[in-house]
Structures are given as C-alpha cells and as structure tokens.
Amino acid sequence: MFLFLSCALLAQTGKITVKGVVSGEDGMPIPGASVVLVKNEKTTGAVTDFDGNYSIEASIGDTLKFSYLGMTAQTLKVIGAELNVVLKAQVDELEEVVVIGYGAVKKKELTGAVTQVKSDALEKIVSADLGTALQGQAAGVNVVSSSTPGGDSEILIRGITSLDNNTPLYVVDGIVQEGDPRIPPTDIETIDILKDAASTAIYGARGATGVIIITTKQGKPGSLQVRYHGNYAIQHRQAAVPLMNSVEQTYFDVVTQRNTGGAFDDEVRLQLLQNPIQFQNETNLNDILFNQDVPTQTHNLNISGGTEDITYNVALGFFDQEGIQVNSAYQRFNTRFNTVYNKNKVRIQSSLAFIQDSRDIPQGNLLSQAIVYRPTQNGLDLNSFDELEQGGDDVNRLGWVLESLRTEQNQKSVRTNASFRFDYDITKNVTFTSNVGLSAYNTFRKDYRPYQEIFNTQGILQSQPINSYIDNSTSYNRSLNINAGITYQKVINDDHKLTFAFFADREKYQNEAFRARRLEATNPDARVLNLATGDQSVTSGFDYTTTRIGTIGRVLYGYKGRYLLSASVRRDGSSLVSYLVSPKKQWGTFPGVSFAWNASDEAFWDKYKRIVNNFKVRLSHGTIGNDRVRPYSFIPGIEQNINYIGNSGSGDFVNLGSTQLDFANKTLKWESTTTSNIGIDLGFLKNKVTLTAEYYYADKKDMLFPVFLPLSAGGGNNAQVTLNVGNMINKGVELTAAYRGNIGKVRFNMNGTFSTNENEITKIDGDSDFQLTNDFGLVGRAPQQSRVTALATGHEAGAFFLWRTNGIIDTEEKLAEYQLLDNNARMGDTRFIDQNNDGILDDNDRVYSGSGLPKYELGYTLNLNYKSWDFSMNWYAALGQEIMNGFDAWAYGFGRHKDLIYQWSEANPDSPIPAFRNDVRRHPNYLGYSDFWLEDGSYLRLRQVSLGYAIPKRKVEKLGLKYLRFYVRTQNPLTFTKYSGYNPEIGGGIVSRGLDKDTGPISIQYLFGINLNF
C-alpha cells in the first residue's frame, strides 16, 4: 500500500532525489565533481563532497552531466533514485584548452612551448602579487619577489631577453596590457605562458620578453553559488646583520686610531670623550627599523551562476599587509564583474574590473643607512622634533638615519579595466571576432621629509631646512586596444583540420603627469604643500602618446591529429622606433612556424601504449621584435628654466636659459630575437606520469640599452641616450614532470620543474673589453667606489667585474712588493691583484666574477588528500648565482661590522681582516667593487606547507552551507643558504641584479584560513 502511494505521488510530482557516488577508474571518490541538470532552459547543479557523494532533485528520464577537470565528461539518464558514475581520465589531458593568443587549441594540438598554470596552484601562496604566486610553478620562468608589501616581482621568461625592460607582455582575456595589470591571483582561472618565438611572434614587437596570458574566472551554468575564502597571518622576521655594541665599538675606535695614527692608548682621542655620558648608551635601531609579528589578512568573495545562455561571475577582494620594515604597508580593494552570453550564433563576453590600492614605500637604502648609526649615539624618538646635538662624524650619521626613518612615501592608485568581446558565427566554418579593451590608471604619490634641527657640540647648526620638503605627484595613464578578425575552420574527410585566421590590431597609450614640490617642511604636523615655507616648484611629468598597429595572419593544419603545423606572420608598426632615417624603419615583420608529431597516434606505437600512452615531438622557429624604449628617444629635448652665469661687463649675474638635457639617436631601430625550440611530451600509464622537455636557443640582435653619458657631454647628471649596443644569445633546458596516483585511500599528485639558462653577450660596442653599467653603486653613500656590474663580450649581461684580493699585507716582504703598486700602502692593508701586470690598479684590473643570474632553478609541489584532510607543500631552489653583500659593504665600509674588533693591528698581526683606516669613500681597504663582498647566493626554500580539513557534507548542510574547510599554513618557514645577508632572493633589474643593496628580511608567515560555499 505504501509503495503504491509513493508511486502515485511520484507520478504527480515527477521529482525524486537522485543520490550517488562519483569515482575514478581506481575506485577512489572524486571530490568537487560537477553534476548539472538542464531542463526547460533552466540549469541546476550540485558538487560532490570529499567522499564523492552528490544529491540533486530530478525526474525519471532527465539527463545529468557529470564532469571533472582532467576527466572525460559523462551524460546519463535518470532511471532511479541511485546513480553511481565512474569517470575516466582524459588520456591526453587531454582535451584541455590552452590559450595561444588570438585563439586557443587543445593541449594535444599544441605545437609551441607553452606552459599552463591553474588557479589552484596560484592560490596556494598568499600574496598581493601574481609573480610571487607563480614562482617555481613553471619551468623557464624566473621570479624574484619584492621584500616590501605591494612591490612588483621581477619576472624573467627564459632569462634576460633585453638589456633594458624585461617585463613580460601581459594579456588579460584577449586584451594586451601596458605592464603588470596587478590582477589578484584569486581572480585568475588559468595562466598560459608563451615562451618560444613561434608562439610569441603572434604578438610581434611586444612578444620579445615572453607573454603571460591571463584568463579570469567566468561563471558556470547552474544555481547561484557564493564562495568565501579568507585568511589571517602573522609575519615574523629573521635575525639582522651583526653589529658592534658600545664596548666593542669603543675598542674598535681605539684600535683604528692605533692603525691610522700610531697612537698609544693614552694618546687616543675618542670622539666619545666630547660627551662621555654617551658611553652609557646601547642603541639598537632594529627596534625602530622592524616591526615584529605584524598581520596580513585576505578576504575574497565570489558569486557566480547562470543559465545555458548567460553566465556571470562577480569577485570582491580585500588584501591588507603591514610591512616588517618601518614605513611599509600595502592595502588593496578589488572587484571584477564578468558575464558571458552564448546563444545560437552569438557569443558576447564582457568584463569590468576596479582595483584601488595604497602602498607605503620605505625610503631607499633605509636598512643600509641605519647600519652606520653607532651604539654610543643617543636613542631616537621619531615622534619628537626637539633639537638634537651630536659631535664629529656622528652628526652626519644622525642626519642620514633620521632622513631615512622619517621620510614617508605613499602611493595611491586606481585602476579600471573594461573589455568587450563579440563573436559571431557567419557560417558554420567562419567566425568573426572583435575585442575592445579600455583601461585607465591613476596614481597619486606624496613624499614627506620633515625638518629636524641637528647641532654639533660647538652649537653650530648642521641640518638645513632646504633639505626637507613636501612633494606631490600624480599621473594619468590610459590605453585603448582594439582587435578584430576572421577565423575559418574546416575539417575535410575527418582527416584534415584547417584553421585560417586574420586579425588587425591597434593599440594606443597616453600618459599625463605633473609634480609639485615645496621645500622647508619645518612643521612636523604638516603634510600639505601650503604649510611648507620654502621655495616651491611645479613641473610637468613625462607626457607621451604611443601607438602600435599590427596585422596578423595564422594557419593551423592537422592531419589525423598526428601531424600538426602552425605558421604565423605579424607586421607591426611602432611610434617608438625612429622614422627620421626612413619611415620604413618603423615597421617590422615577425614570422613564426612550429610543427608537432603525435607519434603515439601511429599504428606502430600501439604495442607501447600500455606503458607510454603519449609521445609527441615539437619543433619551432620564429623571430620577434622589441621596441621597448622611452618614447621620443630618437628626438632630442630642450629643458627650460636652467640657470647659467652671464657677464655684463660690470660683473657676473645669473641668467635664466635653456639647454639640451636629453640626447637622441635618430638611427634607433628594432631589437630582434630569433629562437629555435625543440620539445618532447611524454605520458606514461594513462598519464599518471607525464614529462615535458624543452631545449631552446635564442639569438638577439641590435639590443637596445640606455647608455649613461659623462658630464662632459653636457647633459648633466645621469644624462643618457638609447643605442643599439650589440648582440646576445640565450640557451637552456627545461623539464617539467608530474606524477599522480594513490596509496590506499591517500590520493596524491606531485609536480617538479627544472630549468637552466645560459646568457652570453656576443658583441658589444665600445673600445674596452667591458662597459660598466650605471648600477648606482653597491654602497649608496659611495657610488663611485662601488660600481660592480658590466656588459662584456663572452659573459652574461650585468656580470660582476671586480678587483680580486689576495689577503692582506702582513709581512714586510709583502709590504715592499705592494708599495710598487701603491706607495701609500701600509701593514694591514688589503692586497689587490694587478691582473694585467702594468703596475697600475685601475678598471683594467677588474675580472669577471659571476653574476646574480641562477644557473639552475628547481620547483617541487606535493598535494595529498585523505578523506576530508588535505596537505600541500611547495619548494623552490635557485642555484649557481652570486650575491654582492651590500649590507656587509656598508657595515665594514663605515666601521660598524662586529668582526672589525678582530681587524689587523700590531697586537693582532695574524688577523685576516684588513685594518680600518677610514670609511669606504676615503680609503680602499673596504672598496665596494672588490671580491670581499662576493658570496654564494644559492638557496633552497620551503615556500609553503599547509594542512586543511573539510567538514563532512552532512554536518555542513545542517549549518545551511554547501562546503566548509579550515586550514593552517606557513609561508617561507625554511631557507637553506650559505648567504650571510638578510635574504638570498635578490633582484635589481639587469644592471643591479645580485647587488644586495637594501633587500629586506625574509617574511615568515603563519596563517589560519577558511573556505566556505553556500
């Protein structure tokens, strides 16, 4: 009777609750699988829990679609209240789509060197910066993270690709970006990295430094889903540079006076004796320089859903990080709204994004300059502006440190991006596509350096109000990108697959800026221009307009999926390249061709497929350009409001005039790169194990580089001109391996990357074997005594060229020999090697001493799942690079390093530490460009380790939720390195890479997070 009534009720309502388990071929449940019902143009859906269970309302005869990433989707009819499903792995991973620029292909059809990184890998690292999340995830992609909140990472794709700007080209949802778009990692669905010239040639002049294609998260058909992800972290720092305490510093002063003047102990005249009470001081600025246990918090909310015709995805995010350095912090709010309409022949995709952030930037050389402050000097109260008194050289040190600690630099920015894509199927085989992108980027920066009265012990004012200021600057950058084209696709006899594409592209970038400054910020409570009391000036910034026009053609051909060919050519015109010699110089042509053979699809491979199910060989060759120079570099500029001295016959007077400060190169032309690449893709045991190997060789011609000119050229300080200075090659090997499986009920997958890159300059213009770059010196207060990097034939760009040392002068024989080179040499001095034996120590005695570029990079990721538990960790290693330890150079060069208490003296004649005779600006014993500061920069770091637990579904549903997970994580907890500085991860661009001038300590984070869906 009960069964009869149930059947009658079912016949009336037609709905039942369908339950079941979704599992893989290995019998293990699949959590997170999608179950979708489409009926009467309405879509409902469910997601499996960690045990693979699902539950959905449906009727007998309805169709359910089961899908999961990396699995072949299945569509089944409902025939009862229980429906269990086994999903099979996609053997070629196989139908995954990879974006290649102006189109997309299945991974199996890929012919170039392209690496894809998915969102789940990026979200393992909590960071405001995409580059930091990407580190170690892709072979051939080198990332150096910023040590301060909100700072940009430095990203190199396949090593140094240009001597100037190496920032990759970013493309977001089909729209080319100007620089890093600063998209939060949580907004990203996938990143496709184009590495070889055949792949990047489709972007012509913009593709020389590699291309990062970002696809943002889109909505999926189904009921509305709300997801929240938040975490809270505490940051901890490591130990600081070892410096002398008050007793050690005083002993050092005594020994130094013995060494410099030969004074006996009772003849020593210490500066400290001018104010003996200071001997009671034990000042340590680390308590002011660093914040300990400061927080970082992240909150992200995602709302998505839709029907088969239209889907939407709304993302809201908030990131807030206090820096472990004083005057450093970053805060960001972001939102993005994506919609897709897809019906019949029309597909419309739109995106609107808004990012607002604020960054506090510490003063340059803050950590380095604080080293010079002596422990016997008075402690500092940054909130007090009472007049200060200091004697001797200490008064200069006090001024430097106060200037660094009190300078406030804040930059606020607002970035908006809007994009619109329209696809229309003209016929079954022909599709019209158009993309329009508009972005605006506004920045406002305020620099504030207040005045502090500082007197010497004679009561004479040492600080000058004119050195204090309030400075406001603003810029407005906007861009418009339009591309449109036709794509023709045709399959002939099921064997031949043809795709023809033709696109036209136009980009326009404009920038406007101005700056206002007023000197004498004597009111410590003032932060506005009107409350400063000195001279004021208002100047325009660097305003420019640049345009690029391109036409693109591409052919893709595949025969039975076995033989694949891709050929493209792009013709680009750029306003950044000189037209003065010939208008044709503004145009460049960039071709690329690639071929792939899916050998595992051949009949003869069938006997191997049980073990090696996938084997593909790829070959590519292409040429790409680079026009990344300062706008108008081929046109000289005249600067007004330049004072000069005139004479009227009765005396000198000051005239207001103009002069040429910018130099031009009217022959400026394209920098070009030709790259050849060979790759192999292997899959074993139904892709449980995969391996990708690449070898590449890149030949670069007519490299662009800003050359700094001497003062005699008439351009003033730091005058420069951009030249095509020479040629360079890059070559390397990349390996990517993955392994997934299970041990009992534990599911695991692991990924590893390995890459090596060899960079060599093969031609450089000039008369010497090397050209020093303007790296601004290892020691900021002594730039001329500490320039390190150079461009030299036969070596990598930005290599270290140093004076080599040979111990110290500790015998009379060594002294007599060395005085032939330097007749001022004394016992205890550093012995530098006269490399060319010409009897003179000069730049010709510098020798190659390595560089800051790693020879090898490795990444490793492990993910484990057991029932409701999950575990993950990421490791990264950079090996073979050198570091110039700028902190030691400051500490030794200004008499503060703890080891200086063991310096050479008559009482300590066996010491290997040179005698300190004066600071680095006045005596060469601790010269900034010697190998004394050269260290091994290799390191291995545990980037993150996390443990999570998802509450079982039956308990979560009682709370009105669909999913609830808690996790704990630590980031950067372990670093293994021989480097003695704060942090072996050193950037600095091409000319300063590996020069540790002011890199802050490693930030170790301990965080707690939550994921919930409802």
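These figures come from a predicted structure and were not determined experimentally.

Definitions and cut-offs
Residue numbers here run from 1 along each chain, matching the order of that chain's written sequence. Residue-level local features of this predicted model are given only where pLDDT is at least 70; pairs of side-chain atoms are given and counted only at 80 or more, and the full residue set underlies all totals for whole chains, interfaces and linings. Each side-chain value is derived from all of the structure's non-hydrogen atoms; neither hydrogens nor water enter the calculation. A run of DSSP states H or I qualifies as a helix once it reaches four residues; a run of E qualifies as a strand once it reaches two. Both are numbered from the N-terminal end. Two things to know: the radius of gyration comes from C-alpha atoms, and the globule rule equals 2.2 Å times the number of residues to the power 0.38. With a 1.4 Å probe rolled over the protein chains alone, any residue whose accessible area is under 20% of its type maximum counts as buried; one over 50% counts as exposed, and the rest are partly exposed. It only takes one pair of heavy atoms within 4.5 Å for two residues to be counted as in contact. Think of it this way: Lys and Arg go in the positive column, Asp and Glu in the negative one, and His and the chain ends go nowhere. The atom standing in for a charge is NZ when the residue is Lys, CZ when it is Arg, CG when it is Asp and CD when it is Glu. A strand pair is defined by DSSP finding two or more bridges across the two strands. Aromatic rings from Phe, Tyr and Trp, with only the six-membered ring used for Trp, were paired whenever their centres fell within 6.5 Å, and each pair was classed as stacked if the ring planes differed by under 30 degrees, edge-to-face if by over 60, and tilted otherwise. For a lysine, the NZ atom is tested; for an arginine, the CZ atom; a charge sits over a ring if that atom is within 6 Å of the ring centre and within 35 degrees of the ring normal. Boundary definitions for the domains trace back to an automatic or database domain assignment. Under the convention used throughout, the expected extent of a helix is 1.5 Å for every residue step, that is, one less than its residue count. A 3.5 Å cut-off defines polar contacts: any pair of N or O atoms within that distance qualifies, except that in protein one atom must be a possible hydrogen donor and the other a possible acceptor, and neighbouring residues in sequence count only when both atoms are side-chain atoms. Think of a nonpolar core as a cluster: buried Ala, Val, Leu, Ile, Met, Phe, Trp, Tyr and Cys residues, connected wherever their side-chain atoms sit within 4.5 Å. Candidates for patches are residues over 30% relative accessible area with no salt bridge; among them, like charges are joined within 9 Å and nonpolar side chains (Val, Leu, Ile, Met, Phe, Trp, Tyr) within 5 Å. Here, Shrake-Rupley sampling with a 1.4 Å probe gives the accessible areas, and only protein chains in the shown set may cover a residue. Any Lys or Arg side-chain nitrogen found within 4 Å of a carboxyl oxygen on Asp or Glu counts as a salt bridge.

A. View of the overall build of the chain. Scanning the chain from terminus to terminus reveals 12 helices and 54 strands. Its C-alpha atoms give the chain a radius of gyration of 32 Å, near enough to 31 Å, the size a compact globule of 1014 residues would have. Every one of the 1014 residues in the chain was classed for burial, and the buried ones make up 52%. The long-range share in the chain, meaning contacts at least 24 apart out of those at least 6 apart in sequence, stands at 70%. Considering the chain, the positive charge centre built from 99 side chains and the negative charge centre built from 109 side chains are found 11 Å apart.

B. Broad picture of the sheet that holds strand S16 (residues 211-216). As summarised here, the arrangement of the 5 strands in space is S10-S15-S16-S13-S14, forming an open sheet in which the pairing is mixed. Each end of this open sheet is capped by a strand with a single partner; those strands are strand S10 (114-118) and strand S14 (175-176). Here strand S15 (residues 188-194) runs beside S16; their pairing, made up of 6 bridges, is antiparallel. Note that in S16 the partner of isoleucine 193 across the bridge is isoleucine 212.

C. Molecular detail of the packing of aromatic side chains. Per the stated rule, a full pass over the model turns up 31 aromatic pairs. Where phenylalanine 290 meets tyrosine 982, the ring centres are 5.9 Å apart and the plane angle is 65°; that geometry is what we call edge-to-face. Taken together, the residues span a long stretch of sequence, with phenylalanine 290 in the loop between helix H6 (286-289) and strand S18 (294-306) and tyrosine 982 in the loop between strand S52 (963-977) and helix H12 (989-992) at a distance of 692 residues. With respect to burial, phenylalanine 290 and tyrosine 982 carry one shared label: buried. Ring centres 5.1 Å apart and planes at 65° place the aromatic pair tyrosine 739 and phenylalanine 748 in the edge-to-face group. Among the aromatic side chains, those forming a connected cluster through ring pairs are Phe252, Tyr892, Phe916, Tyr926, Phe932 and Trp933. Between the NZ or CZ atom of arginine 846 and the centre of the ring of tyrosine 929, over which it lies, the distance is 4.0 Å.

D. Inspection of the domain arrangement of the chain at higher detail. According to the domain assignment, the chain contains domain 1 (16-89), domain 2 (93-224), domain 3 (242-289) and domain 4 (768-851 + 905-932). Put simply, the middle of domain 2 and the middle of domain 4, counted by C-alpha atoms, are 43 Å apart.

E. The arrangement of helix H5 (residues 246-261) in detail. Between its first and last C-alpha atoms H5 spans 22 Å; for 16 residues at 1.5 Å apiece the expected length is 22 Å, and the two agree. Within H5 the residues assigned to the buried category are Ser246, Glu248, Gln249, Thr250, Phe252, Asp253, Val254, Val255, Thr256 and Asn259. With a side-chain oxygen positioned 3.2 Å from the backbone nitrogen of valine 247, the residue opening H5 is asparagine 245.

F. Layout of the side chain of threonine 148. Among the secondary structure elements, threonine 148 is positioned in the loop between strand S11 (141-144) and strand S12 (154-157). Assessed through its relative accessible area of 15%, threonine 148 is described here as buried. Here the side chain of threonine 148 touches arginine 359 through a polar contact of 2.9 Å, side chain to side chain.

G. Representation of the environment of threonine 216 within the structure. Tracing the backbone through its elements, the reader meets threonine 216 in strand S16. Of the residues examined, threonine 216 reaches a relative accessible area of 1% and is grouped as buried. For the pair threonine 216 and asparagine 338, spaced 122 residues apart in sequence, the C-alpha separation works out to 8.4 Å. Filtering out sequence-adjacent residues up to four positions away, threonine 216 remains in contact with Val172, Asp173, Asp187, Ile188, Glu189, Arg336 and Asn338. Among the polar contacts listed, one links the side chain of threonine 216 to the side chain of aspartate 173, at a separation of 2.6 Å. Among the polar contacts listed, one links the side chain of threonine 216 to the side chain of asparagine 338, at a separation of 3.0 Å.

H. Up close: the sheet that holds strand S41 (residues 770-772). Taking strand neighbours across the sheet as the criterion, the 4 strands line up as S41-S42-S43-S46 in an open arrangement whose pairing is antiparallel. A single partner strand is all that each edge strand has here, and the edge strands are S41 and strand S46 (847-848). Alignment of S41 against strand S42 (residues 789-792), held across 3 bridges, turns out to be antiparallel. Across the sheet, residue phenylalanine 770 finds its bridge partner in S42, namely alanine 792.

I. Region of the structure containing the pairing of strand S35 (residues 671-684). Direction of pairing for strand S32 (residues 612-626) relative to S35: antiparallel, over a ladder of 14 bridges. Looking at S35, one finds that asparagine 614 is bridged to glycine 683. Here S35 runs beside strand S36 (residues 689-701); their pairing, made up of 13 bridges, is antiparallel. Residue pairing across strands places serine 672 opposite lysine 701, the latter belonging to S36. Counted along the chain from S35 to the antiparallel partner S36, the turn is 4 residues long, and its residue leucine 685 has a positive phi close to 55°.

J. Focus on the nonpolar core. Leu289, Leu380, Val788 and Met884 are the most contacted members of the largest nonpolar core, which totals 55 residues. Secondary structure elements with two or more residues in this core: helix H7 (366-371), helix H8 (394-406), strand S43 (799-802), helix H9 (812-818) and helix H10 (886-893). No other element matches the 6 residues that H8 contributes to this core. The residue makeup of this core includes at least three contributed by each of domain 3 (242-289) and domain 4 (768-851 + 905-932). Look past the residues within four positions of valine 788 in its chain and what remains in contact with it is Leu772, Asp775, Leu778, Ala799, Phe800, Phe801, Leu802, Arg846, Met884, Gly928, Tyr929 and Leu995.

K. Summary view of H10. Counted residue by residue, H10 has 8 buried out of 8 residues, so it is predominantly covered. Of the positions making up H10, those classed as buried are Gly886, Phe887, Asp888, Ala889, Trp890, Ala891, Tyr892 and Gly893. In this fold, the buried residues of H10 make contact with H7, strand S49 (882-885), strand S50 (934-936) and strand S53 (995-996). Directly after H10, the chain includes glycine 895, whose backbone phi takes a positive value near 70°.

L. How the structure looks around a nonpolar patch on the surface. Where nonpolar side chains cluster on the molecular surface, the patch consists of Leu565, Val593, Phe595, Leu619, Ile678, Tyr695, Tyr697, Val733 and Leu735 and spans about 690 Å² of accessible area. Of all the secondary structure elements, the ones that give two or more residues to the nonpolar patch are strand S31 (587-598), S36 and strand S39 (726-743). One can find leucine 735 in strand S39. Exposure remark for leucine 735: the relative accessible area of 33% places this residue in the partly exposed category.

M. Main features of unusual backbone geometry. The backbone of asparagine 327 shows a phi angle near 60°, a positive value even though the residue is not glycine. Within the secondary structure layout, asparagine 327 lies in the loop between strand S19 (310-322) and strand S20 (329-343). Of note, the phi angle at aspartate 702 is positive, near 55°, even though the residue is not glycine. Tracing the sequence through the fold places aspartate 702 in the loop between S36 and strand S37 (704-708).

N. Region of interest: the side chain of arginine 406. Mapped onto the elements of the fold, arginine 406 is located in helix H8. Although arginine 406 is buried, it forms no salt bridge, and the closest oppositely charged side chain is aspartate 381 at an N-O distance of 6.4 Å. For arginine 406, the side chain forms a polar contact with the side chain of glutamine 452, separated by 2.8 Å. Excluding residues that lie within four positions of it along the chain, arginine 406 makes contacts with Asp381, Leu382, Ser384, Phe385, Tyr448, Pro450 and Gln452.

O. Local environment of the pattern of salt bridges. For the structure on display, the rule yields 41 salt bridges. When the shortest N-O distance is used, the salt bridge between lysine 898 and glutamate 248 registers 2.9 Å. Separated by 650 residues along the polypeptide, lysine 898 in the loop between H10 and S50 and glutamate 248 in helix H5 bring together distant segments of the chain. A relative accessible area of 30% places lysine 898 in the partly exposed class. Residues arginine 478 and glutamate 512 are paired through a salt bridge, measuring 2.9 Å at the closest nitrogen-oxygen approach. Taken together, the residues arginine 478 in strand S26 (residues 469-492) and glutamate 512 in strand S27 (residues 496-519) connect sequence positions 34 residues apart. When its relative accessible area of 22% is taken as the criterion, arginine 478 is described as partly exposed. On the basis of relative accessible area, glutamate 512 is assigned to the partly exposed category, the value being 39%.

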